[in-house]
Amino acid sequence: MDIMSILKQINAVLWGPIMLFLLLGTGILYTAILRFPQIRRFKNIFKQTFGGIFKKEKTEDKEGGISSFQALATAIAAQVGTGNLAGVATAIASGGPGAVFWMWISAFFGMGTIFAEAVLAQTYTENIDGEVTGGPAYYIKKGLGSKFLAGFFAITIVIALGFVGNMVQSNSIGEAFNSAFGIPHLYVGIIVAVLVAMIIFGGIGRIASFAEKVVPFMALLYIVGGLIIVLKNVDMILPSFKMIVYGAFNPAAATGGIIGVSVKEAFRYGIARGLFSNEAGMGSTPHAHAVAKVKHPAQQGLVAIMGVIIDTLVICTFTALVVLMTGVIDTGLTGIALTQEAFTRGFGSFGNPFIAICLLFFSFTTIVGWYFFGEANMKYLFGKGSLTIYRIAVLAFIVFGTTMKVPVVWELADMFNGLMVIPNLIALLGMISLVAKTFNDYESKYDKLGNLK
């Protein structure tokens with residue numbers, strides 16, 4: 001049996017029904033216990049996220065930290081990646097339009113999970129050589145009291161995101177630019193590595209500054225592009241939403257039998273792609289939320305919810321609508337090829353370069369975000385002195401990633417992603433009472449708009 005077959009068998013177990021049930025179930029549990037904060041506190045979420053962008057607010061003195069919005073931008077940098085382009089298209093090709101409905105459901109309940117992750121990350125931080133840091137390894141060790149699980153998580157996330165995951169991201173950039181502009185893969189890899197080096201060697205301050213400037217621009221670029229195609233096909237808006245809702249419960253009726261899928265497949269692919277896209281429960285984004293300067297941990301928890309809204313309910317939805325409205329669902333294509341074909345039909349010859357440019361932004365910011373998440377865990381495992389070696393290794397993996405075929409790398413990334421989820425979920429389920437107590441304390445002190453009572 002070859003390595004590919006072994007990895008596929010492992011991932012079939014790791015990312016099987018049990019894992020999806022636990023991820024979704026954790027979100028449902030937190031949403032219920034916290035009494036639907038994504039609904040009750042929606043105005044508060046919006047104000048907490050965007051209210052301080054254009055003014056300097058007095059916040060908690062967290063030395064070495066970053067602003068609440070910078071933390072969100074860094075988290076979104078990692079969340080919004082190839083999954084928003086290729087992953088959504090794959091979900092529709094494999095599970096039909098109904099997969100989008102279940103993607104929305106996973107996002108809704110994922111908001112409860114990601115709130116809890118951000119609260120725990122804010123609660124358990126450490127100051128290492130003047131820099132605040134945190135994340136699951138820190139709250140697993142301090143809150144759950146398990147050094148073994150904390151170390152296991154730290155090792156798996158460094159491999160999953162910092163090394164293997166970033167190979168996948170750089171490969172996506174290399175493929176896109178080779179296809180759209182004919183640039184050799186190696187040249188693309190070297191350029192990407194140089195640009196990444198200019199950012200990551202500047203520390204968290206430069207990473208956060210980069211994220212807060214680039215992430216809103218890249219999100220707006222893609223949303224405007226998608227909106228133009230949606231408006232050009234305005235007569236297809238209602239039929240597309242009907243396909244999504246009908247397809248969730250009767251896939252054959254939604255497409256006239258074009259895609260032979262069942263409700264089970266629509267559910268499976270929608271839930272999986274939604275969770276993979278916004279990373280709720282995976283233990284990645286808490287590293288960014290840990291270092292935000294806020295007065296109360298729950299404030300950053302509410303900001304984290306906005307990350308899921310932007311990633312899945314906005315950006316992923318635009319990808320889905322463009323795919324459905326342009327009629328490419330019956331082409332037999334999947335993944336990024338399906339998204340490229342949809343935008344080519346919507347924009348003509350400009351469609352392919354447009355997706356290549358968007359993919360550059362999405363994958364590049366993900367590389368920077370994932371580097372930062374790995375950095376927090378390298379500091380946990382080996383201290384700040386290990387960062388130079390880690391940075392050089394990441395840059396080498398970026399260059400190498402653009403030059404190779406990645407089916408095995410994808411499987412490796414999925415395997416280590418699955419392994420890092422396990423200790424994080426154990427911690428989330430083990431500290432429900434702490435998260436609930438923290439949120440109740442916040443609600444006793446702040447009104448529905450987030451103002452002190």
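See the structure above.
What counts, and at which threshold
- Residues numbered from 1 in each chain as written.
- Predicted model: local features only at pLDDT ≥ 70, side-chain atom pairs only at ≥ 80, totals over all residues.
- Heavy atoms only, no water.
- Helix = DSSP H or I, 4+ residues; strand = E, 2+ residues; numbered from the N terminus.
- Contact = heavy atoms within 4.5 Å.
- Areas by Shrake-Rupley, 256 points an atom, 1.4 Å probe, with all protein chains shown as cover.
- Lys, Arg positive; Asp, Glu negative; His and termini not counted.
- Charge placed at Lys NZ, Arg CZ, Asp CG, Glu CD.
- Buried < 20%, exposed > 50% of the residue type's maximum accessible area, 1.4 Å probe, protein only.
- Patch = residues over 30% accessible without salt bridge, like charges linked within 9 Å, V, L, I, M, F, W, Y side chains within 5 Å.
- Salt bridge = Lys/Arg side-chain N within 4 Å of Asp/Glu carboxyl O.
- Pairing = 2+ DSSP bridges.
- Axes fitted to C-alpha atoms, helices over the stretch in contact; angles between N-to-C directions.
- Parallel < 35°, antiparallel > 145°, perpendicular 65-115°, else oblique.
- Nonpolar A, V, L, I, M, F, W, Y, C, P; charged D, E, K, R; others polar.
- Phe/Tyr/Trp six-rings, centres within 6.5 Å; stacked < 30°, edge-to-face > 60°.
- Lys NZ or Arg CZ within 6 Å of the ring centre and 35° of its normal.
- Polar contact = N/O pair within 3.5 Å; in protein donor to acceptor, adjacent residues only side chain to side chain.

Caption draft 1: Examining the overall build of the protein chain more closely. The helix and strand tally for the protein chain stands at 21 helices and two strands. When contacts within the protein chain are restricted to residue pairs at least 6 apart in sequence, long-range pairs at least 24 apart make up 83% of them. Per element, the accessible surface of the protein chain, about 17400 Å² overall, is 68% carbon and sulfur. Between the centroid of the 31 positive side chains of the protein chain and the centroid of its 23 negative side chains there is a distance of 7 Å.

Caption draft 2: Up close: helix α8 (residues 136-144). For α8, the complete set of buried residues consists of P136, A137, Y138, Y139 and I140. After α8 finishes, the residue G145 shows a positive phi value of roughly 75°.

Caption draft 3: View of a nonpolar patch on the surface. On the surface, L186, Y187, I190, I191, V194, L195 and M198 cluster together into a nonpolar patch covering about 670 Å² of accessible area. Mapping M198 onto the fold places it in helix α10 (residues 185-200). The class of M198 is exposed, set by a relative accessible area of 52%.

Caption draft 4: Summary view of the pairing of strand β1 (residues 125-128). When β1 meets strand β2 (residues 131-134), the two strands line up antiparallel, connected through four bridges. Opposite I128, over in β2, you have E131 as the bridge partner. A loop of two residues connects β1 with β2, the two strands running antiparallel in sequence, and D129 in this loop sits at a positive phi of about 55°.

Caption draft 5: Representation of the packing of helix α5 (residues 68-79) against helix α11 (residues 203-232). Here α5 crosses α11 at 70°, and the two axes come no closer than 8 Å. The angle between the axes of α5 and α11 places the two elements in the roughly perpendicular class. Contacts between α5 and α11 involve F69, Q70, A73, T74, I76 and A77 from the former and I207, A208, S209, A211, E212, V215 and P216 from the latter. Here the contact of α5 with α11 is composed, by residue class, of nine nonpolar, three polar and one charged.

Caption draft 6: Region of interest: the pattern of salt bridges. For the coordinates displayed, the defined rule picks out ten salt bridges. With a shortest N-O distance of 3.2 Å, K379 and E131 are connected by a salt bridge. Of this pair, K379 sits in helix α18 (residues 351-382) while E131 sits in strand β2, and the two are 248 residues apart along the sequence. For the pair shown, K379 and E131 are each scored as buried. When salt bridges that share partners are traced, they join E131, E375, K379, K384 and R391 into one network.

Caption draft 7: Quick look at the packing of aromatic side chains. Throughout the structure, instances matching the rule amount to 29 aromatic pairs. Ring centres of Y222 and F362 lie 5.4 Å apart, and the angle between their planes is 65°; on these two criteria the pair is classed as edge-to-face. Note that Y222 is positioned in helix α11 and F362 in helix α18, a separation of 140 residues in sequence. Summarising the burial analysis for this pair, Y222 and F362 share the class buried. Through a chain of ring-to-ring contacts, three or more aromatic side chains come together here, namely Y222, F343, F347, F350, F354 and F362. The lysine or arginine in question, R268, covers the ring of Y269, its NZ or CZ lying 4.8 Å from the ring centre.

Caption draft 8: Main features of the side chain of N166. Positionally, N166 belongs in helix α9 (residues 147-181). Once residues within four sequence positions are removed from consideration, N166 is found in contact with L161, T366, I367, W370, Y371, V394 and I398.

Caption draft 9: Local environment of the side chain of R41. Considering the arrangement of structural elements, one finds R41 in the loop between α3 (37-40) and α4 (42-50). Classification of R41 by relative accessible area gives buried; the value is 4%. Side-chain polar atoms of R41 contact the side chain of N44, separated by 2.8 Å. In contact with R41, other than residues within four places in its own chain, are L302, F439, Y442, E443, Y446, D447, K448 and G450.

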